[in-house]
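Listed below are the residues making up each chain.
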Amino acid sequence: MGADGSLPTGTPPDIYLSGELSNWTSGYNLGTGPSFNLVGTLTECGTSPQLPARTPDVTKAADFGGATYLTTSVAGTVTSKTGTMSFWFKTDADPSVAYYPVCMGSSQFFGVSWGKDGGVLYEWYSLFSGEGQFVYRARSAATVAGKREWRHVLMSWDLNATTVHVYVNDVVPSLSVLVAPQNTATGWSGSAWAIGATASSSFHLNGCMSEVYASREYLDVSVEANRRKFVSASGAPVSLGADGSLPTGSQPDIYLSGPSSNWASGMNFGSGPAFTVVGAVTECGTSPQL
């Protein structure tokens, strides 16, 4: 707070007691008020002040209700050929056109959508370059099953090796690959990242989401031990750590987790910026579980 406690407001407070034990035993007030008289004996405390670490509650989820989404801006130019994304979602109704649970960047730098083509419901997985060109695109080869049930989507990619892994509900889905992986970087910055809709506020998710994780680090999720960092063998979400760092040892760019109050405040436990909530997030009535 500064030598005289003035950093929070620019002005020294009336009282500011801080520092080593000798300051306290002498009654030394670093603020503008008088010094204190010591009655009794002070000794050194054995620990330093620290709030207890947040314990993620992976049983909670946020309900977006078909009109709500989260958005944030990322300044500068950030690109990467590697990444890992994980999230849980369920729908409360079929989309008339499409839902976008996750859409990063104004040009959809990567995203997963749940939509119709020719009246048939499919799931789409997309990676885009910073110029908005597909560097990977695939579609579920059959009508998506499990409507109104929880689904877990886990993707990772290393475009240096033109490798993309997609797992849905802990298995490799049958996919029609429309654009094979390209050795081209995806963009991670732009006018907006969006959760629960596109960055342009369309195709809102009518349903719930939980444990949204997005990182520029590549984790080979074709290795079962790495998948267990996101989903248990019994099909439940696992703790990713207070800041989402357990899977790789580093904070991801995005980690949204916990009860709806976290989502309603736009709280990002990852290293990226907080989100702005458009609409109202409420508590989901069920917990994520395959």
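Residues numbered from 1 in each chain as written. Predicted model: local features only at pLDDT ≥ 70, side-chain atom pairs only at ≥ 80, totals over all residues. Heavy atoms only, no water.

### What to know about the packing of aromatic side chains
The geometry of an aromatic ring pair is captured by the separation of the ring centres together with the interplanar angle, meaning the angle of the planes.
Argument step 1. According to the stated counting rule, one finds four aromatic pairs in the structure shown.
Argument step 2. Look at Phe87 and Phe89: their rings are 5.8 Å apart centre to centre, the planes differ by 40°, and that puts the pair in the tilted class.
Argument step 3. Taking relative accessible area as the criterion, Phe87 reaches 0% and is therefore assigned buried. (Phe/Tyr/Trp six-rings, centres within 6.5 Å; stacked < 30°, edge-to-face > 60°. Buried < 20%, exposed > 50% of the residue type's maximum accessible area, 1.4 Å probe, protein only.)

### Details of the pattern of salt bridges
Pairing is possible between side chains that carry opposite charge, provided their charged atoms lie close to one another.
Argument step 1. This model, assessed by the stated rule, comprises six salt bridges.
Argument step 2. The salt bridge partner of Glu224 is Arg228, with a shortest N-O separation of 3.1 Å.
Argument step 3. The exposure class of Glu224 is partly exposed, given its relative accessible area of 46%.
Argument step 4. Residues joined in a network through salt bridges with shared partners are Asp170, Glu224, Arg227 and Arg228. (Salt bridge = Lys/Arg side-chain N within 4 Å of Asp/Glu carboxyl O.)

### Here we look at empty space enclosed by the protein
Argument step 1. Under the criterion given, the structure shown has one cavity of 30 Å³ or more.
Argument step 2. The computed volume of the largest cavity comes to approximately 40 Å³.
Argument step 3. As for the largest cavity, its lining consists of Ser86, Trp88, His152, Glu211, Phe230, Pro237, Val238 and Leu240. (1 Å grid on protein atoms, 1.4 Å probe; cavity = no way out; pocket = protein on both sides within 12 Å on 5 of 7 lines; lining within 4 Å. Points joined across faces, edges and corners; volume = space filled by probe spheres on them.)

### Here we look at the layout of surface pockets
Argument step 1. Space inside the largest pocket adds up to approximately 170 Å³.
Argument step 2. Contributing to the lining of the largest pocket are Gly19, Leu21, Trp24, Thr43, Glu44, Cys45, Thr47, Ser48 and Pro49.
Argument step 3. In terms of residue class, the lining of the largest pocket is made up of four nonpolar, four polar and one charged. (Nonpolar A, V, L, I, M, F, W, Y, C, P; charged D, E, K, R; others polar.)

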